[in-house]
Structures are given as structure tokens and as C-alpha cells.
Amino acid sequence: MRLTIRRRAGRRAALLAVGALTAGLLLTAPQQATAGPPNLLSNPGFETAGSAGSDMPSCWSRSGWGDNDFTFATVADAHSGTKAMKVSLTRRVDGDRKALVTENTTCAPAVTPGRQYDLSAWYKSNTPDVSVTVFRRDTTAGWQYWTDLQNPPVTAAWARTEVRTPVVPPNTDKIAWGLSVYGVGTLTTDDYALEEVGAAPPLPACSGTAEECAKGRWQVIPAQNPVRSMHAVVLKNGRVLLIAGSGNDIAQFNAGTFTSAVYDPANGSFRTIPTPVDMFCAGHVQLGDGRVLVMSGNKGYPSADGAIGYQGLKDSYTFDPATETYTRTNDMNGGHWYPSATVLGNGDVISFGGLKEDSTGNVTAEKFSAAQNKWLPMNEVNQTWSYWGLYPSMILMQDGRLFYSGSHTFGNGTPGTGASIYDYDANTVTDVPGLRNKDERDESASVLLPPAQDQRVLTIGGGNNERNPAANRLTDIIDLKQPSPGYTAGPPIPQGLVDQGQGKRPQTGDEGKMFVSAVLLPDGKVLETGGGLHDRADPVFEASFFDPSTNTYQAGLATDPIPRTYHSASFLMPDGRVMSVGDNPGNGTYNHNVSLYSPPYLFKGARPQITSVIDTQWVYGDTQRITVNRPIAKAELIRPAAVTHSSDPNQRFVDLPMTVDGNNIDLNVTSNPNLAPPGWYMLFAVDANGVPSIATWVHLGGPSALAAAQEQPSAHEHAFADRPGPAKKNPAKRDSAPVAPGVAGCDRHYGTVNVCVPTRFPAEVKGTTKARCDWLAAHTYPKRLKVNGSDPLRLDPDRDGYAC
């Protein structure tokens, strides 16, 4: 599973059609209108020798890592002057080698946070395995890897490569960089330059009300969602697939009525779609060709007395956005109600957890082969026999391993620390430390922070639906680039207004949210919205932005007027707005209102436009040209949403380093498919004020390059998380793990199965019949709930067979 891909040789055919223009960009000096002298580097051409006894020129150091054989040499074969630097790798298992600007006060150039810099160098190489690698000095944490920006192509003659840095992060005062060789071959470099990009543009004028420009705006659209959607997928054509199945309605299940709908934002319409089975609480993920793989679902609801729990289906289907139809695949090896679904770097899909056909916990890993378009037999999939829970958040790491963040939906976290790294190839699970309150992470959200190259994960809020305490405000952050990664405490979620049935009141103390949504936005921030104080109850009206560059929240945004708790979803649309659907509280009702959020960046004046994209079929390691109508500060790919129950482990924002020539922008596409698994992406261009363009759809992939057998080196693959600690002993082979029928936190002795009377009422509710009945009335439960068998919560004191 640790798939790495060699950079595609040469440019795309469409780019060759404008070869003269591209060559002019790559081989000549940069346009001085956007960046220019002075060159901030010392000894950029290696002409000044180092101090006595030094084997490197002044202000340059040998650098690199890994298991490889290498040589460094100062040679006379120079682009200008008399000296150049030659680095060769003659054997490589892993790692890279590079001449790096020396990381000290004298040699490393000073930079300004919030600004951008153009890096350039002249080079010759006989290997495609070269990247521009940048380090930065944090004023608190010291020197650290920042990012890889570009893969310059093979060239026998001297050629010039140039690329623009992202905006320099806060607390950064210096940077160092060089060209890395990470495959067998030779690289010769000379005449480096680092130049500051021109002055920042003036602040935009507000094009809305002062409130909109500061907080954004929510609107509830006139049309209502025609289905009780539990799942939302943004399709490659910009439409939205909303899957209900039976919609948590046993009457629909018994009638065999299963529904889906497609929303078209172009005209605000919904179209209902024939749905073959009960996809209620299935898993889903987008395949490389844009089809949606939907796995498992609901084979059966719990029994009236709760002795039997939910049962998972084996069934699996693909949904085609072009025909808007479902097609059955082969079955999974077992049922998986609430399974995970993570797309891998070669386009395969791996799935864990959920409940089997008999309501026990499924311990079988499942793998869908994209090449064979089928689920593989169990004996062809590595098995640890681990039970990962319900909707475990499994995030693909840059080296092909999986990070289980500790977020899940029902039940306590996995044994141990609650978060871990799973190495599919080695078939090992290794715990990572630091996740606070690991058994109060039910219905939390986890997201790979922008950009994906930074390999940082944010985990937000959560609770425990079995004990039902007030949801927490905790956020924890982990940097998976660290040798031995562990969570560190982040800032608490901002608080808002909570409605517990007596009207809205301010949250107090440690009150937070569960079923919170986290949405990656094109300006690089994360929208945190929705959620409730308790399981399926007490909506919280609050929204904020999390800024990954500062690890801080911007509180006080406009809030969705519609409650969004259980079975809600919020996700990014191609026009930069956020759509929110669903709310299914414990009283069995469902909210069909649809909300749209316009973030403040949509009220900062005119938006930049992507006026042309030469090629929408992108290959790993390529350079792709776009034109824009005015200057931009960054461009990125955002993977379209496939979200349910606060979970979308495939959500990611992939930075596209830029080479800028006026309004012509060359975008450097990652060579690592683990950072951006194959598929359709939304391409955004964003100006210096954070205002995004409307997205253009592009497809990222490659032909035979994606074959799993091609184990080639890749830029961005460093010795990250290489010392996470000892692996745990895997359980012995087993059929399943025991799961209590009450794992969903509902006492099935009352009402119908789609009504969830809490097994444990919130702590502030006294354990008396009156207090519990008052709570049910305040939360608009049906007035007469049938008692199914016994009355463990003492809700039927007159014993007439009905509660309260």
C-alpha cells in the first residue's frame, strides 16, 4: 500500500502545443513586475570557498537523509562563473541528498511572514527524481522542513527552474532551500536566486453589509430536500448526491422504500433517484473515474426490545454521475453497518469496522480493487483482526500508511491511546499518544489540515453517547511529519447558543459540541459549524474558522439558523459556498431545510477568474498551465466531499506551487498520489486577500503509472513518523468482536426503532419519572411512547403500556 510514483517524463501533449511560451517561462529571467532584485542569497553561484577545512562553498551545507550512496563535488562545469555544485546518488533505498543554504543567521535569508518569494536556479540533471525543497525557521520551534515545491524535468543542457513559495507562515524569520535528488542520478546546479514578490495588494472594499464582510451569511433555500439524507457526495459535475436509503425510518424499511436525490445548484432543483437497497448508514467514497462507491448499509433494524441491534449489509454499488444510476458490484466479505472508506494512492479503497449481519463488530479489513472493479477475497487482503469501531476516521498519510485519528461515531475508542498508525504492508498497528478524553470522541470530526503536504490533523469536539455527558470543547492537533508523532492540545472550540428545549442560552463552562462539521475552504481555513450538546439533542448555534497557519479560531461567525446535529452534513461547493443538510434528533423527526453559507471572502469584491486551463487531465509530477484575469497568491486542489456523520476522511486540500509570469501561471502538481489520490478535484485560484475563484474541475491520475507494482521514489516522502513506537500485538484470528446492542445510545424499550430515548439522560436531568418525562416533552418526543416489554427507565408508572 505504500505506493510511490515516478514523475512523468516530459510535459502533457497539450502543454507542448504552447512550448515556446512555456520554454520562455522556464528558461529565461522572471518577469520583474512581480518579483525582482535584490537576490537575497549569499554566494548564489558557489564562487566563494568555505572556511579553511570546509568541503563546501561558503553558505552551503551538505544535507539529506535516508539509506543511499552519494557524492558531493564542486565542479568547473558552471552555468556562469567557474563553479557549480554536483550531487550524485549511485544507490538509493530511501531518502535524498542536496546542497542546502546553510541554516544560520549569516547565510539563511531573512523573510517576512505573510509575503511570498520566487526561488530559482539553473540546473542539469539526468534523473526525473529532483525536487525543490524548502525549510523554514520558526522563531519558537527552530528549523523544520516546510515543503517540496516543484519537480524540474530532466535536461542535459542548462535550464532554469523557478517556483513561488506559499505565503510565509507566522513566526517564520528565515528560510533555507535547495534542489534535492531522491532517485539514482546526477544533478548539477548553479546561480540560485531568492527574490521577494512585490508589495501586497490593498485591502478590498466590502461589497456586502459590515456583518456579511465580518461573519458571512447563511440563507435557507426555498426548495426542501425531498429525502431524509444521511449521506452527501459532491459529484464531478458539481451536483450533489444525497443518499437516504430508508432514512432511519423503519416504516420505509418495511415497505422497501429506499431513496436518494441529486441536487443541481445551477437551478436549485432536486431529482429523486431509484435506490436499490437500504443505504442508510453505508460507507461511500469517490473512485478515480468519478463514480461513487457505496458499500454496505442496513440489512435490518434493531428488535423492539433491543435484544438485536442494527445489522450490516454485504451489498455494494457504484453510482455514475453521468447516468445518475446505481450499478451493483460484487459483495463485500461481510456486512459493515457504519464502515470507514478511504481511497488509497493507487485508487483502491480500503474499509474497516462497522457491524456485521448479526450485529457484532466486523474485524475484517476489506479492499476494493480499482483496476478489477471489485472487492477482493478476504485472503488477498492483509488482516490484523482489529475492531476499529463505527465510522472510524482513517486518513491516508503521505507514505501510504493510515492514521486512525480517534474520531468515530458510536462506542468508545479503540483500546490503547485512542489513535494509531496502521501500516498495511507491515500489517502493524502502532498507538500514538496525546489524544485527550479518548473515550469522549463519539461524533467528533477529524480533518487533514490545509495543505495536505503539511501532514497535520485536527480533531474537534465529541462526546460519549453511552454515558451522555455534555459534549466537550477539545481540539487536538497532530503533526505526522514528526519522527514520533503525538497529539498536542489545540485551542478550545468557541462557544455559542444552545437550545435545550426552553429557548437558546449561552454555553457555559466546558460545554462543546458533538456531530460537529469541519469543512476545508479554498482560502486555507476550516469552517467549524453545527453540532449539539448531547447525542441527538440540544443543537448548538455557533460557527468559527480554524486557521492552520496560526492554530487559532476566529469566533463569532454567522450561524446556520437550522439545527444540525445527528445525520447532518456540511460541505464545500464549487462556487466556494458551503451547503448544509439534515438534522435527525432523537424524537425521530427530520429537518428537510437546506442552508447555504457564503463565507466573508465572497463579500470582498470581485473574484479572480481562471480564464483558461490548457488541460483538465492531469498526471502526477506534471506542470500544468492556467491563465487568470488578475494576480493570485495560491492555487490548490480540493477533493470533493463524501461526508456522513461528521466523517469525511478523504477530504483534503493539496497545494499547487506556482511559477508566475504575469497572468500565466504554471502549477506544479505533486508527484505523490498518497497526497492527492486519483480522481476529480476542484481547482481554485485564490488572491492575496483570500478571495477564491469559482472552481474548475480537473482530473488527476495517470495511466500505467498508477499500477501498484510500480514502486518508484517520490518527492515529499521523507522519514516522517519513522519512530512512532513499538507496534501492538495483533489479536488472534477471530470472526467478530462483541458489540452491545445499545451501542447507539438508545433504549429500544420505548416507541419505534427510529425514536431514540437515551439509555442515559444528560447528567442535569434528575433520575425521576417526572424529570425524564419533562425532558422528553421539552425535546418534542411523541406524547405516548409504547413500552416494549420492560420499563428500565421507569417512564410508565401507571403501567398502561405507554411512557409518560
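Refer to the structure above for everything that follows.
In short, a report on the structure. Note that the coordinates shown come from a computational prediction; the quantities given were computed from them, not determined experimentally.

1. Considering the environment of Val765
For step 1, the next point in the chain: The residue Val765 is located in the loop between strand E54 (696–701) and helix H5 (769–778) in this model.
For step 2, the next point in the chain: For the pair Val765 and Trp775, spaced ten residues apart in sequence, the C-alpha separation works out to 7.4 Å.

2. Thoughts on the side chain of Asp191
For step 1, the next point in the chain: Structurally, the position occupied by Asp191 is in strand E10 (residues 185–196).
For step 2, the next point in the chain: Among the polar contacts made by the side chain of Asp191, one reaches the side chain of Ser80 at a distance of 2.6 Å.
For step 3, the next point in the chain: Other than its neighbours up to four places away in sequence, Asp191 contacts Pro44, Gly45, His79, Ser80, Ser120, Ala121 and Trp122.

3. Thoughts on the packing of aromatic side chains
For step 1, the next point in the chain: The full count for this structure, using the stated rule, is 32 aromatic pairs.
For step 2, the next point in the chain: A ring pair is formed by Phe368 and Trp375, whose centres lie 5.3 Å apart and whose planes are at 70 degrees; its orientation type is edge-to-face. The residues Phe368 and Trp375 share a single accessibility class, namely buried.
For step 3, the next point in the chain: Grouped by ring-pair contacts, the aromatic residues Phe253, Phe258, Phe280, Tyr301, Tyr310, Trp337, Tyr338, Tyr391, Phe410, Phe515 and Tyr566 constitute a single cluster.
For step 4, the next point in the chain: We note Lys504 situated over the ring of Phe541; from NZ or CZ to the ring centre the distance is 4.0 Å.

4. Comments concerning the state of the cysteines
For step 1, the next point in the chain: Within this structure, the stated rule accounts for four disulfides.
For step 2, the next point in the chain: Sulfur-sulfur distance for the disulfide between Cys206 and Cys213 comes to 1.8 Å. Disulfide Cys206-Cys213: torsion about the S-S bond near 85 degrees, hence right-handed.
For step 3, the next point in the chain: Sulfur-sulfur distance for the disulfide between Cys746 and Cys756 comes to 2.1 Å. Its S-S torsion of about -95 degrees marks the bond between Cys746 and Cys756 as left-handed, since a negative value means left-handed. With Cys746 in the loop between E54 and H5 and Cys756 in the loop between E54 and H5, the pair connects residues that are ten residues apart, well separated along the chain. Across the pair, Cys756 and Cys746 agree in class, each one buried.
For step 4, the next point in the chain: Numbered by position along the chain, the disulfide-linked cysteines of the protein connect as 1-2, 3-4, 5-6, 7-8.
For step 5, the next point in the chain: Left unpaired, Cys281 is separated from the closest cysteine sulfur, that of Cys746, by 11 Å.

5. Quick word on the sheet that holds strand E29 (residues 428–431)
Strand-to-strand pairing in sheets goes through backbone hydrogen bonds, with the strands running parallel or antiparallel.
For step 1, the next point in the chain: Spatially, the four strands line up as an open sheet ordered E26-E27-E28-E29, and their pairing is antiparallel. Looking at which strands have only one partner, the edges of the open sheet turn out to be strand E26 (394–396) and E29. Taking each pair of neighbouring strands and ignoring which way they run, the sheet shows an average axis angle of 25 degrees.
For step 2, the next point in the chain: Pairing of strand E28 (residues 420–423) with E29, which is carried by four bridges, proceeds in the antiparallel orientation. Note that in E29 the partner of Asp423 across the bridge is Thr428.

Thresholds, definitions, all that
Residues numbered from 1 in each chain as written. Predicted model: local features only at pLDDT ≥ 70, side-chain atom pairs only at ≥ 80, totals over all residues. Heavy atoms only, no water. Helix = DSSP H or I, 4+ residues; strand = E, 2+ residues; numbered from the N terminus. Polar contact = N/O pair within 3.5 Å; in protein donor to acceptor, adjacent residues only side chain to side chain. Contact = heavy atoms within 4.5 Å. Phe/Tyr/Trp six-rings, centres within 6.5 Å; stacked < 30°, edge-to-face > 60°. Buried < 20%, exposed > 50% of the residue type's maximum accessible area, 1.4 Å probe, protein only. Lys NZ or Arg CZ within 6 Å of the ring centre and 35° of its normal. Disulfide = S-S within 2.5 Å. Pairing = 2+ DSSP bridges. Axes fitted to C-alpha atoms, helices over the stretch in contact; angles between N-to-C directions.

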